[in-house]
Amino acid sequence: MTESCFCGAKFEIIKRHYGLSEEDFTKHVQKLYEWLITQPHLPHDVDYITLQKFVVNAKFLQDKAEKKLDAYFTVRRLVPYVFSNRDPFCPEIKQCNACIYLGFLPGLTKSGARCIIIRLRDTNPENFNFISFLRRWYFLMDIWLREDNFVHKINIIVDSAESTVRHMVKISPKKVKESSVCYQNVYPIGLESVVFLNACPLVKVVLEKVLKPMLKEKISRKFFVYADSEANFIKGMTKSMLPKEYGGDGPTLEELNDRWIAEMNRNREWLMGQGSILPDETKRKKDDTSGSSGCILM
């Protein structure tokens, strides 16, 4: 495997944190790829940028990177309601596009992280479908894995200004738990923070009583809740990143939503092809029980 995707400015972030040269980093990625092609139950044509992220997220620990990469494919079998029918043109996803603003903000924070924002676009609870949102969320996570080399940290911004009880009751605690475990244990994406804006008392109760108990303590400590949207809610975020609705110079929420819908559509062939490949458990090595036991998944 000889492909290389080094981007000077972004690699400096990795170099600063881990003190590795590009040559050393390439050797780690190559080693993970060499392991991958010895696994008969996994697809072998995983792109280089995705492998980079697994290496960095595992902090260059080979065993951890291998387990996470295996889990990345295995979870598609274990959580089919999220990872089946990965067609961005299907009616449920189109309705989600119309109901929820969802997209990555332009640029990086000073720590080298991306930010993604979520906010209701259509406030009618009848049009809100939590499963469709989860499917769309992981569309974007997979696209990001493939296309944004070296950036492996994320800030999640949830503006709950229009959320109501009727929205909340449509969110299954079981599905929240499964999805959060998937995100924490499978995807090679480090979480810097989860910020809730315009949070009413009900949102605060749900977070404290339902969501946080499902999360690892080191994750739950990264949750921040504000009653308005006036706070400087992401450290290191520049004004050029911030959407216009929040006093920034960045794109509007409508523009962000449109851009990432277009990205999903552009990646439709991959999402329905390689992005939907399941592990072939009949070919898993007999001494490897990670897939059948759930490994680090659930």
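Residues numbered from 1 in each chain as written. Predicted model: local features only at pLDDT ≥ 70, side-chain atom pairs only at ≥ 80, totals over all residues. Heavy atoms only, no water.

The name recorded for the protein chain in an unreviewed UniProt entry is CRAL-TRIO domain-containing protein, from Nezara viridula.

A. Region of the structure containing the overall build of the protein chain. Summing up its helical and strand segments, the protein chain has 14 helices and 5 strands in all. Buried positions account for 52% of the 298 residues belonging to the protein chain. Looking at the protein chain as shown, the accessible area adds up to about 13600 Å², and 53% of this sits on carbon and sulfur atoms. (Helix = DSSP H or I, 4+ residues; strand = E, 2+ residues; numbered from the N terminus. Buried < 20%, exposed > 50% of the residue type's maximum accessible area, 1.4 Å probe, protein only. Areas by Shrake-Rupley, 256 points an atom, 1.4 Å probe, with all protein chains shown as cover.)

B. Inspection of the sheet that holds strand β1 (residues 100–104) at higher detail. Pairing is mixed across the open sheet formed by 5 strands, whose spatial order is β1-β2-β3-β4-β5. Two strands bound the open sheet, and with one partner strand each, they are β1 and β5 (223–225). Taken pair by pair, the neighbouring strands of this sheet meet at an average axis angle of 15°, ignoring direction. As judged from the 5 bridges shared by β1 and strand β2 (residues 114–120), these two strands associate in the antiparallel manner. Among the inter-strand pairings, Phe 104 is bridged to a residue of β2, identified as Ile 116. Its contacts with the sheet put helix α12 (residues 253–266) on β1 and β2, and the angle it makes with β1 is roughly 75°. (Pairing = 2+ DSSP bridges. Axes fitted to C-alpha atoms, helices over the stretch in contact; angles between N-to-C directions. Contact = heavy atoms within 4.5 Å.)

C. Examining the nonpolar core more closely. Counting residues in each nonpolar core, the largest one holds 72 residues, and the members touching the most others are Trp 137, Met 141, Ile 154, Ile 156 and Tyr 187. Looking at which element gives the most residues to this core, the answer is helix α7 (residues 130–147), with 11 residues. Non-local contacts of Trp 137, meaning those with residues more than four positions away in its chain, are made with Leu 102, Ile 116, Ile 118, Ile 156 and Tyr 183. Ranked by size, the runner-up nonpolar core spans 15 residues in total, among them Ile 117, Ile 157, Phe 233 and Leu 242. (Core = buried A, V, L, I, M, F, W, Y, C linked by side-chain atoms within 4.5 Å.)

D. Broad picture of the environment of Pro 88. For Pro 88, the position within the fold is in the loop between α5 (80–83) and α6 (91–99). The spacing of Pro 88 and Asn 267 is 179 residues in sequence and 8.8 Å in space, taken between C-alpha atoms. Setting aside residues up to four positions removed in sequence, Pro 88 forms contacts with Ile 93, Lys 94, Phe 139, Met 264, Asn 265, Arg 268 and Leu 271.

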